[in-house]
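What the coordinates show
Given next are the chains, with one letter for each unit.
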Amino acid sequence: MTEREYRPPADAPRDEVPMTSLHPFDDDLEVYELKPRRSRLKLVLALVGLVLGLAAVLAVVAGWWVLRQVDPPGDPGAEVVVEIPEGYSTQQIASLLEDQGVITDATVFRWYVRSKGAGPFEAGRYSLQERSAMGDVVEALEAGGQFVGVPVTVPEGLTLGQAAARVQEELPRLSAERFLAATTSGQVRSAFQPSEVTSMEGLLFPDTYAVDDGMDETALLQVMVDQLDALATELGYSDAQARVGVSPYEALIVASLIQREAGVPQDAAKIARVIYNRLEQGMPLQIDATVVYALGGTAGSGPNGEVTFEDLEVDSPYNTYENAGLPPTPIALSGRAAMEAALDPAPGPWLFYVVTQPDGTHSFAETYDEHLANIRLAEQNGVR
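What you see is a predicted model; the values in this text were computed from it and never measured. (Residues numbered from 1 in each chain as written. Predicted model: local features only at pLDDT ≥ 70, side-chain atom pairs only at ≥ 80, totals over all residues. Heavy atoms only, no water.)

1. So, the overall build of the protein
To keep it simple, the criterion reads: Helix numbering and strand numbering both begin at the N terminus, where a helix is a DSSP run of H or I of at least 4 residues and a strand a DSSP run of E of at least 2. The rule is simple: take the accessible area with a 1.4 Å probe, protein chains only, and divide by the maximum for that residue type; under 20% is buried, over 50% is exposed, in between is partly exposed. Residues are treated as being in contact if the distance between any of their heavy atoms lies within 4.5 Å. Using a 1.4 Å probe, accessible areas were evaluated by the Shrake-Rupley method; residue-level cover was limited to the displayed protein chains.
Broken down by element type, the protein carries 13 helices and eight strands. Residues classed as buried in the protein amount to 40% of the 384 residues present. The contacts in the protein between residues at least 6 apart in sequence include a share of 60% that link residues at least 24 apart. Within the structure as shown, the protein displays about 21300 Å² of accessible surface, and the carbon and sulfur contribution to it stands at 52%.

Below, the structure written as structure tokens:
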């Protein structure tokens, strides 16, 4: 017996549709299927609309709240004198400003500073107001604060001993001997200093520091180390292994080599690449600056301060002509440019470099024959 198909009569309800009759006996029987109700779809759409509406309201409320943090209603409050220590990062400054009521929210302030491309901000004493607009605070910080204390300048490229001597020279009430003693006291350590490393060579940042009457050698050392840690953190030294294949501390060693070797800033990233290329190939670094450090001086024993063949025989773990790999510690205080280059070496196949220009510019080579040609160029230019 076959299935029969029926159409509904003209007066059938609109939400009924016919379906095939399977009744075997009654040809006049018409069967109808009820169409699903639209109420469930309407409910879902209503819920979606409600969620979207709530999200929109929350977005408006959040935006309104952020704007009130950026620019609090009403006039600024009482004057507040804020002293920003040396080495403070933007995050530390934001927390300090929030604690003293200058801004209402440190997190929003950091976001605001980042969005404006502002900072880093200088240490000093700033006259600000409570509940200030963040734009006014950034403007005041970028203008610079009042320098508080006696300026002590420690240049880039000095060894730890030379830095201690410079501190005493700049401010005689501070002792180089006590400064060096503070570096081995254990009271001050860098966040990037491995537990087994006792030397603080290369872990101080070279800069001009404001030393007030209450600051002793240990306090100044702490500020200099904090400055180094803040910059290293900002530059991403914690990710050094992934970025350049060495530990954060080893990257600081590389930075010190670059600091002592790069005569001009544009050579720094290329020198970094030569160092990493040689390390990858297991070649000795053969860096003159490490030999000079091993000799305990500021130059080689040659008539113009160059490193001699006799110097290259010095028995020291810092002699990178005799020992493969990096020296055991940094050899100098590194500036920002050298620290940046150590984490961002220029791409290239170079394995050699030599100064070829009177201004200290190097020429770089991939092969030894190319290097010999660069040496002849240096001789022609009277720089070797």
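2. With respect to the side chain of asparagine 374
In this structure, asparagine 374 sits in helix α13 (residues 368-380). When residues no more than four places from it in sequence are discounted, the contact partners of asparagine 374 are Val354, Thr356, Ser363, Phe364 and Ala365.

3. With respect to a nonpolar patch on the surface
Stated precisely, the cut-off is as follows: Here a patch means residues that are over 30% exposed by relative accessible area and free of salt bridges, tied together within 9 Å if like-charged and within 5 Å if nonpolar (Val, Leu, Ile, Met, Phe, Trp, Tyr). Only one rule defines a salt bridge in this text: a Lys or Arg side-chain nitrogen within 4 Å of an Asp or Glu carboxyl oxygen.
Together, Leu43, Leu47, Leu50 and Leu54 make up a nonpolar patch on the protein surface, roughly 400 Å² of accessible area in all. Its location among the elements puts leucine 47 in helix α1 (residues 39-70). Its relative accessible area of 47% is what places leucine 47 among the partly exposed residues.

4. Remarks on the packing of helix α6 (residues 176-183) against helix α7 (residues 217-235)
As a reminder, the rule being used: Here, axes are lines fitted to C-alpha atoms. For helices the fit covers the stretch in contact, and angles between N-to-C directions go from 0 to 180 degrees. Oblique is the label for any angle not under 35 degrees, not over 145, and not in the 65 to 115 range, which are roughly parallel, roughly antiparallel and roughly perpendicular in turn. By the definition used in this description, the sense in which the near helix is turned from the far one sets the handedness, with an anticlockwise turn below a right angle giving left-handed and a clockwise turn giving right-handed. Only Asp, Glu, Lys and Arg are considered charged, only Ala, Val, Leu, Ile, Met, Phe, Trp, Tyr, Cys and Pro nonpolar, and every remaining residue, Gly among them, polar.
Running from amino to carboxyl end, α6 crosses α7 at an angle of 55°, the nearest separation of the two axes being 9 Å. By the angle between their axes, α6 is oblique relative to α7. Classified by chirality, the crossing of α7 by α6 is right-handed. Within the contact between the two elements, α6 uses Arg178, Phe179, Ala182 and Thr183 and α7 uses Glu217, Thr218, Leu220, Leu221 and Met224. Looking at the contact of α6 with α7 residue by residue, the class counts come to five nonpolar, two polar and two charged.

5. So, the packing of aromatic side chains
Here is the rule we go by: Here a pair means two rings of Phe, Tyr or Trp (six-membered ring of Trp) with centres within 6.5 Å. Their orientation is stacked below 30 degrees between planes, edge-to-face above 60, and tilted elsewhere.
Taken as a whole, this structure holds four aromatic pairs when the rule is applied. Ring plane angle 50° and centroid distance 5.7 Å describe the contact between tryptophan 350 and phenylalanine 364, whose orientation is recorded as tilted. With tryptophan 350 in the loop between α12 (336-343) and β7 (352-355) and phenylalanine 364 in strand β8 (residues 362-365), this pair connects stretches of sequence that are 14 residues apart. Residues tryptophan 350 and phenylalanine 364 agree in their burial class; the two are buried.

6. What to know about the confidence of the model for the protein
Interpretation of the predicted coordinates at a detailed level should be avoided for regions scoring low in pLDDT. Quick note on the threshold: Summary of the metric used: pLDDT quantifies the predictor's per-residue confidence within the range 0 to 100.
With 89% of its residues at a pLDDT of 70 or more, the protein shows a mean pLDDT of 86. Scored below 50 in pLDDT, residues 16-25 makes 23 contacts in the model with residues more than four places away or belonging to other chains.

7. Observations regarding a negative patch on the surface
Defined as follows: Positive: Lys, Arg. Negative: Asp, Glu. His and the chain ends are not part of the count. By convention, the charge on Lys lies at NZ, on Arg at CZ, on Asp at CG and on Glu at CD.
A surface patch of like charges, here negative, comprises Asp71, Asp136, Glu139 and Glu142. Summarising the element assignment, glutamate 142 is placed in helix α4 (residues 134-143).

8. Notes on the nonpolar core
Counted only if it meets this: Here, the term nonpolar core denotes a set of buried Ala, Val, Leu, Ile, Met, Phe, Trp, Tyr and Cys residues that are joined through side-chain atoms within 4.5 Å.
Ranked by internal contacts, the top residues of the largest apolar core, which has 65 residues, are Leu204, Leu220, Tyr237, Ile258 and Met339. Contributions of two or more residues to this core are made by α5 (160-170), α6, β6 (208-211), α7, α8 (240-244), α9 (248-261), α10 (268-281) and α12. No other element matches the nine residues that α7 contributes to this core. Excluding residues that lie within four positions of it along the chain, leucine 204 makes contacts with Leu160, Phe179, Leu221, Met224, Val225, Leu228 and Leu333. Judged by nonpolar contacts, the second largest core, of 23 residues, contains Leu97, Val102, Tyr126 and Met134.

9. A closer look at the pairing of strand β4 (residues 124-129)
Applicable threshold: Only when DSSP finds a minimum of two bridges between them are two strands counted as paired.
Here β4 shows one buried face, formed by Gly124, Tyr126 and Leu128, and one open face, formed by Arg125, Ser127 and Gln129. Pairing between strand β3 (residues 79-84) and β4: six bridges, direction antiparallel. In the sheet register, valine 80 faces β4, and the bridge partner there is leucine 128.

10. Here's the deal with the packing of α5 against α6
Running from N to C, α5 and α6 cross one another at 135°; their axes reach a closest spacing of 8 Å. The orientation of α5 relative to α6 falls into the category oblique. Remark: the crossing between α5 and α6 carries right-handed chirality. Residues Leu160, Gly161, Ala164, Ala165, Val167 and Gln168 of α5 pack against Ala176, Phe179, Leu180 and Thr183 of α6. Considering only residue class, the contact of α5 with α6 consists of seven nonpolar, three polar and no charged.

11. What to know about unusual backbone geometry
In the Ramachandran plot, arginine 131 falls in the positive-phi region, its phi being about 50° despite a non-glycine side chain. With respect to the element layout, arginine 131 can be found in the loop between β4 and α4. The class of arginine 131 is partly exposed, set by a relative accessible area of 40%. With a phi angle near 55°, glutamine 286 is a residue other than glycine that sits in the positive phi range. In this structure, glutamine 286 sits in the loop between α10 and α11 (288-295). Using a relative accessible area of 36% as the deciding quantity, one classes glutamine 286 as partly exposed.

12. Considerations on the environment of valine 137
Locating valine 137 in the fold gives a position in helix α4. Overall, valine 137 belongs to the buried group, its relative accessible area being 1%. Taking the C-alpha atoms as reference, valine 137 lies 9.8 Å from tyrosine 126; in sequence the two are eleven residues apart. Not counting residues up to four positions away in its chain, the partners in contact with valine 137 are Leu97, Val102, Ile103, Phe109 and Ser132.

13. Considerations on the pattern of salt bridges
When their charged atoms lie close together, side chains carrying opposite charge are able to pair. Counted according to the given criterion, the structure contains five salt bridges. Through salt bridges with shared partners, a single network forms among Glu234, Arg336 and Glu340.

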